[in-house]
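Coordinate inspection notes
In case you want the letters, here they are:
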Amino acid sequence: MPVVRTITLPPGAGTGWHYHPGRVDVVVLSGTLTRTLHDGRVEVSRAGDSLVEEAGPVHIHVGRNLGAEPVVLIANYAAPAGHPLAVPVAEPAWNRSPTGPAGV
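Basis of the calculations
- Residues numbered from 1 in each chain as written.
- Predicted model: local features only at pLDDT ≥ 70, side-chain atom pairs only at ≥ 80, totals over all residues.
- Heavy atoms only, no water.
- Pairing = 2+ DSSP bridges.
- Helix = DSSP H or I, 4+ residues; strand = E, 2+ residues; numbered from the N terminus.
- Phe/Tyr/Trp six-rings, centres within 6.5 Å; stacked < 30°, edge-to-face > 60°.
- Axes fitted to C-alpha atoms, helices over the stretch in contact; angles between N-to-C directions.
- Salt bridge = Lys/Arg side-chain N within 4 Å of Asp/Glu carboxyl O.
- Buried < 20%, exposed > 50% of the residue type's maximum accessible area, 1.4 Å probe, protein only.
- Contact = heavy atoms within 4.5 Å.

Below, the discussion takes up the pairing of strand 3 (residues 24–30). Taken together, the four bridges between strand 3 and strand 6 (residues 50–53) define a ladder with antiparallel strand orientation. Its bridge partner being in strand 6, Val 26 is matched across the sheet by Leu 51. By the bridge criterion, six bridges tie strand 3 to strand 8 (residues 71–77) in an arrangement that is antiparallel. Bridge assignment links Ser 30 to a residue of strand 8, and that residue is Val 72.

Turning next to the packing of aromatic side chains. The final tally for this structure, using the stated rule, is one aromatic pair. On the numbers, 5.9 Å between centres and 85° between planes, the contact of Trp 17 with Trp 94 is edge-to-face. Highlighted residues: Trp 17 in the loop between strand 1 (3–9) and strand 2 (18–19) and Trp 94 in helix 1 (residues 93–96), separated in sequence by 77 residues.

The sheet built from four strands is open, its strands ordered 1-8-3-6 with antiparallel pairing. Looking at which strands have only one partner, the edges of the open sheet turn out to be strand 1 and strand 6. Neighbour-to-neighbour, the strand axes of this sheet turn through a mean angle of 25°, independent of strand direction.

Two side chains bearing opposite charge may form a pair once their charged atoms approach each other closely. Under the criterion given, the structure shown has five salt bridges. Among the salt bridges present, the one from Glu 43 reaches Arg 35, with a minimum N-O distance of 2.5 Å. Relative accessible area serves as the criterion here: at 28%, Glu 43 is assigned to the partly exposed category. Using a relative accessible area of 3% as the deciding quantity, one classes Arg 35 as buried. For Arg 35, the salt bridge is made with Glu 53, and the minimal N-O distance between the two is 3.2 Å.

By the secondary structure assignment, Thr 36 is in strand 4 (residues 32–37). A residue is classified by how much of its surface remains accessible, and Thr 36, at 8% relative accessible area, is buried. For Thr 36, the contacting residues outside a window of four places in its chain are Trp 17, Arg 41, Val 42, Ile 60, His 61, Val 62, Arg 64, Trp 94 and Asn 95.

One can find Leu 29 in strand 3. Overall, Leu 29 belongs to the partly exposed group, its relative accessible area being 47%. Each C-alpha atom of the pair Leu 29 and Arg 96 lies 30 Å from the other, and the pair is 67 residues apart in sequence. Excluding residues within four positions of it along the chain, Leu 29 makes contact with Ala 47, Val 72 and Ile 74.

Nothing here speaks to function; it is all geometry.
So, in structure tokens, the structure goes:
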């Protein structure tokens, strides 16, 4: 059964690195969300944008509010029964490197 949540990230806040056991469809209601994805790509989504976070541990990511206004999201989670909506993971070693991921 889908779960819908409103998520607010104040300026400077982040989600921490995580993945989702089920697909998540997100709409940005306000602010600017900056996500770093499993492969080092950075995606920026602004108010009115929608995005999809695919399921599984190969799709780790972190969301951050690098702006001056709150980021407000509506997230529709399709988590399998008995699973959490998100699973925290350690920050990837490549993200701690001063040069970032190889080739990115």
